[in-house]
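One letter stands for each residue in the lines below.
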There are 2 protein chains.
Amino acid sequence: MPPPLMVQFRGGESGPWRIERILPVIGESLPPAARLAMLEGAATPAGAARWTLRASTGNMRYTERREADSLVARQAGLSRPEARRAALIPIRKSEAWWALAQDERRAILEEQSRHIAIGMEYLPAIARRLHHGRELGEPFDFLTWFEFAPEHEAAFEEMLLRLRASAEWGFVEREVDVRLIREG
Amino acid sequence: MPPPLMVQFRGGESGPWRIERILPVIGESLPPAARLAMLEGAATPAGAARWTLRASTGNMRYTERREADSLVARQAGLSRPEARRAALIPIRKSEAWWALAQDERRAILEEQSRHIAIGMEYLPAIARRLHHGRELGEPFDFLTWFEFAPEHEAAFEEMLLRLRASAEWGFVEREVDVRLIREG
């Protein structure tokens, strides 16, 4: 497990990803922008941005050992040449979620909502990296970055529909869905 | 549960807390300083600091509902007039700890080490606030701040000895113990 990596997602005029659309799923959207750049660690931004979202990778919060082993055995990394589609999905959960104890959040996330199990069904086609922003004072608690080949876009949509229909999503108070096409 | 609060602990020449001693428990110490100021949120620091440690409060990572209810029923808040002693204990855990899955960390922290249960025995005398720094890129994963009246200092020492003898502490690779006396 690598140490936490701070990541900036900058929507603006530059970056290898063309923004295809920005869809507000729950609550307020993000301002329109043409391109997106993902900067890792101390990388210095080039040019101005319409918006910048920051968050950090980190340790597993809910995943148990047997699940972690299955994930490691199946998941693919970022930047595969064939993965020319991406989605950035910023999410904020409600105060009611954050007031729950660890066992209550785990029970909703997995025993009720099958969040980990559903994601696992779409590996290795859909690669994923989760970033935490809540304790940085950011507007979103999570920024999840997905990468996949164009032929897996329908599977990706299906996965999102299943997650959004879950009990866990009753605690989501803001969600934006940013779709991207690799052009750089 | 309040939203996360960013907190800076500044060791230097100013602040209401006089630094009585700085003891390196495991690994490298912190540079000497005369006084300590704890700044919350956007508070602006006054004067120079020898060192600044930053971290954020956040949601419970391991505490289950029955434990959370017991804590809430028993714990005291910060800034009680009689609590004129304090300790700041910065800790960094090993990569081996962070590579563990959630259920493995919980089992070591509570089922083996009784971390939550031990802390509970010393409530309400020892007030406590935990701050997370790992995902901010800080040198310490946790900054725990304790406040207590002078007559509870022996109990506080006992609590630390019990925690430091636990299986969980085998994963601590740096720990500093900063003791403070309120003078402002």
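Reading guide: rules and limits
Residues numbered from 1 in each chain as written. Chains lettered and ligands numbered in written order. Predicted model: local features only at pLDDT ≥ 70, side-chain atom pairs only at ≥ 80, totals over all residues. Heavy atoms only, no water. Least-squares fit on C-alpha atoms with pLDDT ≥ 70 in both. Contact = heavy atoms within 4.5 Å. Pairing = 2+ DSSP bridges. Helix = DSSP H or I, 4+ residues; strand = E, 2+ residues; numbered from the N terminus. Expected span 1.5 Å × (residues − 1). Buried < 20%, exposed > 50% of the residue type's maximum accessible area, 1.4 Å probe, protein only. Arc of directions from axis to C-beta. Phe/Tyr/Trp six-rings, centres within 6.5 Å; stacked < 30°, edge-to-face > 60°. Lys NZ or Arg CZ within 6 Å of the ring centre and 35° of its normal.

1. Re the relation of the copies chain A and chain B
- Overlaying chain A with chain B gives an RMSD of 0.0 Å, the required rotation being 180 degrees about an axis along which the chain moves by 0.0 Å. The transformation just described matches what one would write down for a two-fold rotation axis.
- Looking at chain A, 100% of its interface residues are interface residues in chain B too, so the copies touch through the same face.

2. Some words on the pairing of strand S3 (residues 35-40) of chain A
Residues and elements named next belong to chain A.
- Sheet topology note: the strand S1 (residues 6-12)/S3 ladder contains 6 bridges and is antiparallel. Along S3, the bridge assignment pairs Gln-8 with Leu-39.
- By the bridge criterion, 2 bridges tie strand S2 (residues 17-26) to S3 in an arrangement that is antiparallel. Bridge assignment links Arg-18 to a residue of S3, and that residue is Arg-35.

3. Topic: helix H5 (residues 153-164) of chain A
Residue and element names in this part refer to chain A.
- For H5, with 12 residues, the first-to-last C-alpha span of 17 Å sits near the 16 Å given by 1.5 Å per residue.
- Along H5, the residues that are buried comprise Phe-156, Met-159, Leu-160 and Leu-163. Viewed along the axis of H5, the buried residues span an arc of 100 degrees, placing them on a single side of the element. Opposite its buried face, H5 presents the exposed residues Ala-154 and Leu-161, each directed more than 90 degrees away.
- In this fold, the buried residues of H5 make contact with strand S5 (85-93), helix H4 (115-121), strand S7 (142-148) and strand S8 (172-182).

4. What about the packing of aromatic side chains?
- Applying the stated criterion across every chain, the model contains 14 aromatic pairs over all chains.
- Pairing Phe148(B) with Phe156(B) gives two aromatic rings, centres 4.6 Å apart and planes at 25 degrees, and the pair type is stacked.
- Phe148(B) sits in the buried class, given a relative accessible area of 0%.
- Residue classification places Phe156(B) among the buried positions, given a relative accessible area of 0%.
- Following the ring pairs from residue to residue traces out a cluster consisting of Phe9(A), Trp17(A) and Trp145(A).
- In this structure, Lys93(B) is placed above the aromatic ring of Trp97(B), and the distance from its NZ or CZ to the ring centre is 3.8 Å.

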